Amino acid sequence: MKSSGPTSVLRGAALTVGMRWTDRLIGFVSTIVLARLLEPSDLGIIAMVTLVVAFVDVFLDLGVNIALIQNRNPTPAHYNTAWTLRILQTITSAAVICLVADWAAAYFDDDRLQPVLWCMAIGMVFSGLENIGVVTFQKEMRFGLDFRFTFTKRVVAFVLTIVAAWILRNYWALVFATVASRLVGTLLSYFMHDMRPRLSLEKSKEIFAVSFWILMRGIGSYLHLNLHRIYVGAGSSASVMGGYSLATEISSIPNNELLSPLNRVIFPSFVRIKHDLSELRRVFLLAQGLQTMIAVPCSVGLAITAPEAVSVLLGQKWLFIVPYVQLLSIANIIFSITTTCGYVMITLGHTMSSALFVWIQIVVFMLLIEFHVAGGEAVEIAWARVATVCLALPVSIYLLRKAISVVTVRDIVLTTFRPLLATGAMYIALQAVHPLLVMPAVASLCLMIGLGGAVYIFTTAGLWVALGRPTGAESYVLEKIVAFRSRGK
């Protein structure tokens, strides 16, 4: 199926954000339904299995997609080699997963993991056969096709998951749905793109040259994002593990739903302008401002309204996860400020620095666990994660400055301080009102969302006007709103 010419960055951003929100809306509804149909222990089994599968896969992930996006003029041989390497990677990963299934069941002290891991290994092989041609949707900024491909896969997975959960009412529903949806996704990729890759290792040396540090960064990113869950799974029951994993997913909603779609557009945009440092600086600071302006208040708001949100959306049996949601939301506030830095470093060829930053956080987290979290309780582990990302913030800024010296600390402060001050005002207002709300959880949640949003928007606008309407995220959003209204008339 042929696609039209590349869309603009702006339209691409809109399509990608829309794609992500649609995808996550489906995922959000799926989570709510599954939380009602299944028990915490069922989700705990799947969380443990997912950790093992991802742990094995990340150690063999060569980052071939990123290598293709970074290559400004890839040939068919590059795509053939990337496809071949990914097949070899997934087959090897599947074999390793089967071999470590016994060990994983012993580590998490749950024999149910072994057969589930065998099934997930089959699903991994299916996904490895996916048509490498779909990478061009992102590389060439054909976000309309990217949207259709991702959306179709997500809808199929959603339908399969809900039907299976309704029938089986246990964790096997998620296993069967995952394997089946991966097979459907692979078949769909060949329908939507006419590339027919063949087995080849002709360009393996070139891809490996890019892939090594991407691999190291990928391993580090996995451990950075999941090591806290591994510690929780080792020292807690399946029910606690299920609750903590669900809290991790909920707390990451502001970043996953708002930042990830932007980064999906920003990365290829960075690659296109990487030789113009002035333009790269401008786009980076704009992205930084937008991400801070949106993700930080959402994370703070989620932390404050967590008791009501969990009660309304998931039910009373999940209230034990409220402290986890609150602490992990705080950690994601810092992550939202630093998330774009890694993309800049990779764009400019500083993949080693990007990987180093992630590994520093892993070491810090492990030291905190070793010397300050003696009990190994889930709440203590969540606190260690918060401390880790806070300590990593200055390191992130230092490494960014090494990669792109035209960006100063003053630039970053001026880009982020208005959203941070406005978020502080929102926090004070909500904390003052929260104890006074004696009403049903649904009404309390709606009122707090409305009040928090109003305080944040008016404070942000007031600060922007008071400081002379400087160029930045606020002016960018205002321009787009005006342009949208003009088109509608």
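A brief report on the enclosed structure follows. Quick caveat: nothing in here was measured; it's all calculated off a predicted structure.

Describing the overall build of the protein chain
Here is step 1 of the chain: Along its length, the protein chain carries 18 helices and zero strands.
Here is step 2 of the chain: Here the analysis covers contacts within the protein chain between residues at least 6 apart in sequence; of these, 83% occur between residues at least 24 apart.
Here is step 3 of the chain: When the accessible surface of the protein chain is summed, it comes to about 21800 Å², and 68% of that surface belongs to carbon and sulfur atoms.

As for the packing of aromatic side chains
Here is step 1 of the chain: Counted by the stated rule, this structure contains seven aromatic pairs.
Here is step 2 of the chain: Aromatic pair Trp 318 and Phe 320: ring centres 6.3 Å apart, planes at 20°, arrangement stacked.
Here is step 3 of the chain: Taking the relative accessible area as the measure of exposure, Trp 318 reaches 0% and is therefore buried.
Here is step 4 of the chain: We classify Phe 320 as partly exposed; its relative accessible area is 32%.
Here is step 5 of the chain: One aromatic cluster is present, built from ring pairs that chain together Trp 103, Tyr 107 and Phe 108.
Here is step 6 of the chain: The ring of Trp 166 is capped by Arg 169, whose NZ or CZ atom sits 4.6 Å from the centre of that ring.

Overview of the packing of helix H2 (residues 40–58) against helix H4 (residues 76–107)
Here is step 1 of the chain: Orientation of H2 relative to H4, taken along the N-to-C sense of each, is 135°, at an axis distance of 9 Å. Taken together, the axes of H2 and H4 are oblique relative to one another. The way H2 lies across H4 gives a crossing that is right-handed. Two secondary-structure elements touch here, H2 through Val 52, Val 53, Val 56 and Asp 57 and H4 through Gln 89, Ser 93, Val 96, Ile 97, Val 100 and Ala 104.
Here is step 2 of the chain: Of the residues contributing to the contact of H2 with H4, the split by class is seven nonpolar, two polar and one charged.

A short note on helix H16 (residues 409–433)
Here is step 1 of the chain: Compared with the 36 Å implied by 1.5 Å per residue over 25 residues, the 36 Å span of H16 between its first and last C-alpha is a close match.
Here is step 2 of the chain: Of all the bends in H16, the greatest, near 40°, is centred on Thr 416, and the proline Pro 419 appears no more than four residues after it.
Here is step 3 of the chain: Considered for burial, the residues of H16 that qualify are Asp 411, Ile 412, Thr 415, Thr 416, Arg 418, Pro 419, Ala 422, Thr 423, Met 426, Ala 429 and Leu 430.

What to know about the nonpolar core
Here is step 1 of the chain: Membership of the largest hydrophobic core comes to 69 residues, with the highest contact counts inside it found for Leu 117 and Ile 321.
Here is step 2 of the chain: The greatest single-element share of this core, amounting to eleven residues, is contributed by H2.
Here is step 3 of the chain: If we skip the residues at most four places from it in the chain, Leu 117 touches Val 49, Val 52, Val 53, Ile 97, Ala 101 and Ala 104.
Here is step 4 of the chain: Listed in part, the 16 residues of the second largest apolar core include Leu 280, Phe 284, Ala 403 and Ile 404.

Thresholds, definitions, all that
- Along each chain, residue indices are assigned from 1 in the same order as the chain's sequence is written.
- Given that the model is predicted, a residue must reach a pLDDT of at least 70 before its local features are reported, and side-chain atom pairs must reach 80 or more before they are shown or counted; all residues, however, enter totals for whole chains, interfaces and linings.
- Only hydrogens and water are set aside; all other atoms, that is, all heavy atoms of the structure, feed into the side-chain values.
- Helix and strand definitions here come from DSSP, where helices need a minimum of 4 consecutive H or I residues and strands a minimum of 2 consecutive E residues; each element is numbered from the N-terminal end.
- Note on definitions: a residue-residue contact is assigned when non-hydrogen atoms from the two residues lie within 4.5 Å.
- Throughout, the Shrake-Rupley method with a 1.4 Å probe supplies accessible areas, and for residues the shown protein chains are the sole cover considered.
- Paired rings are identified among Phe, Tyr and Trp, the last through its six-membered ring, by centres lying within 6.5 Å, and are further divided according to the angle between planes into stacked (under 30 degrees), edge-to-face (over 60) and tilted (the rest).
- Exposure is judged per residue with a 1.4 Å probe applied to protein chains only, and the accessible area is read against the type maximum: over 50% gives exposed, under 20% gives buried, and values in between give partly exposed.
- Charges are assigned to positions over rings by a cutoff of 6 Å between ring centre and Lys NZ or Arg CZ, combined with an angular limit of 35 degrees from the ring normal.
- Structural elements are reduced to axes, namely lines fitted to C-alpha atoms, with helices fitted over the stretch in contact, and the angle between N-to-C directions of any two is expressed from 0 to 180 degrees.
- An angle below 35 degrees is read as roughly parallel, one above 145 as roughly antiparallel, one from 65 to 115 as roughly perpendicular, and any other as oblique.
- Should the near helix be turned anticlockwise from the far one by less than a right angle, the crossing is termed left-handed; should it be turned clockwise, right-handed.
- Classes in brief: Ala, Val, Leu, Ile, Met, Phe, Trp, Tyr, Cys and Pro nonpolar; Asp, Glu, Lys and Arg charged; the others, Gly included, polar.
- For a helix, the expected span equals 1.5 Å multiplied by the residue count minus one.
- The reported bend at a residue is simply the angle between two axes, fitted to the 7 residues ending at it and to the 7 residues beginning with it.
- Take the buried residues of types Ala, Val, Leu, Ile, Met, Phe, Trp, Tyr and Cys, join any two whose side-chain atoms come within 4.5 Å, and each joined set is a nonpolar core.

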